[in-house]
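The residues making up each chain are set out below.
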Amino acid sequence: MYSQPISVDGLHLLVIDDDADTRKILTILFQMEGAEILAVGSVNEALEVLSYFNPDILISDIYLSDELGYSSLTKVRNLVATQGKWIPAIALTGFASETERAYAYAIGFQMHICKPINLDELVCAVASLADCKQLV
């Protein structure tokens, strides 16, 4: 499936996306790759699960029904910072403009991936961020 060996086996991923189909697809994909994934539909749900789930990487849609995903990054990072942790993040969006990409990076996302999602690209991005996190 991939041109180079990558692994997300054993990673804990938190996905925030208000689209149920996207959550289901990403859950199946990453479970097949050996990751533990928790997919929620809102920022508030994400903040609730952080009391018992310790994600290695955040994957967040930008345009959520309850609020912008940009704020999800800030809220999640602030919460995990109280535990002395930092979490890398991937922005998912249907908007592919360079302005959107630049803003996502300026807010603090490490990667910006446009929808429709290329699943191979997303798995590679997660694996890449996992390697970077180990260096932090």
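Residues numbered from 1 in each chain as written. Predicted model: local features only at pLDDT ≥ 70, side-chain atom pairs only at ≥ 80, totals over all residues. Heavy atoms only, no water.

Comments concerning helix α1 (residues 20-32)
The criterion, for reference: Put simply, DSSP marks the helices as runs of H or I at least four residues long and the strands as runs of E at least two long, and each gets a number from the N terminus on. Multiplying 1.5 Å by the residue count of a helix minus one yields the expected span of that helix. To sort residues, take the accessible area from a 1.4 Å probe on protein chains only and compare it with the maximum for the residue type: under 20% means buried, over 50% means exposed, and anything in between is partly exposed.
Taking 1.5 Å of rise per residue, the 13 residues of α1 would be expected to cover 18 Å, and the 18 Å separating its terminal C-alpha atoms lies within 8% of that figure. By the burial criterion, the buried members of α1 are Thr22, Arg23, Leu26, Thr27, Leu29 and Phe30. Gly34 sits one or two positions beyond α1 and adopts a positive phi of about 95 degrees.

So, the packing of aromatic side chains
The following threshold applies: Within 6.5 Å between ring centres, the rings of Phe, Tyr and Trp (the latter by its six-membered ring) count as paired, and their orientation is classed by plane angle as stacked under 30 degrees, edge-to-face over 60, tilted in between.
Taken as a whole and judged by the stated rule, the model has three aromatic pairs. Between Tyr63 and Phe95, the ring centres sit 4.9 Å apart and the planes meet at 70 degrees, which makes this aromatic pair edge-to-face. Separated by 32 residues along the polypeptide, Tyr63 in the loop between β3 (57-61) and α3 (69-81) and Phe95 in the loop between β4 (89-93) and α4 (98-107) bring together distant segments of the chain. A residue is classified by how much of its surface remains accessible, and Tyr63, at 35% relative accessible area, is partly exposed. In this structure Phe95 comes out as partly exposed when scored by relative accessible area, which is 46%. A ring pair is formed by Tyr70 and Phe109, whose centres lie 6.5 Å apart and whose planes are at 70 degrees; its orientation type is edge-to-face. On the criterion of sequence distance, the pair formed by Tyr70 in helix α3 and Phe109 in the loop between α4 and β5 (111-114) is long-range, its members being 39 residues apart. You can call Tyr70 buried: its relative accessible area is 8%. Accessibility expressed as a relative area gives 2% for Phe109, which makes it buried. Three or more aromatic residues joined by ring pairs make a cluster, and in this case those are Tyr70, Tyr103 and Phe109.

What about the environment of Ser128?
As for its position among the elements, Ser128 is in helix α5 (residues 119-135). Looking at Ser128, the relative accessible area reads 30%, which means it is partly exposed. Residues Ser128 and Ser97, 31 residues apart in the sequence, show an inter-C-alpha distance of 23 Å.

Topic: the confidence of the model for the protein chain
To keep things clear, this is the line we draw: The predictor rates its confidence in each residue with pLDDT, a number between 0 and 100.
Residue-level pLDDT values for the protein chain average 89, and 93% of them are 70 or greater. Averaged pLDDT values over the elements of the protein chain bottom out at 81 in α5 and peak at 98 in strand β2 (residues 36-40).

Topic: the environment of Asp120
Within the secondary structure, Asp120 sits in helix α5. Given the relative accessible area of 29%, Asp120 is considered partly exposed.

Thoughts on the pattern of salt bridges
What counts is decided by this rule: Salt bridges are counted wherever a side-chain nitrogen of Lys or Arg sits within 4 Å of a carboxyl oxygen of Asp or Glu.
Evaluation of the coordinates by the stated rule reveals four salt bridges. One salt bridge in this structure joins Lys115 and Asp17, with 2.9 Å as the shortest N-O distance. Linking Lys115 in the loop between β5 and α5 with Asp17 in the loop between β1 (12-16) and α1, this pair joins segments that are 98 residues apart in sequence. By relative accessible area, Lys115 is classed as partly exposed at 25%.

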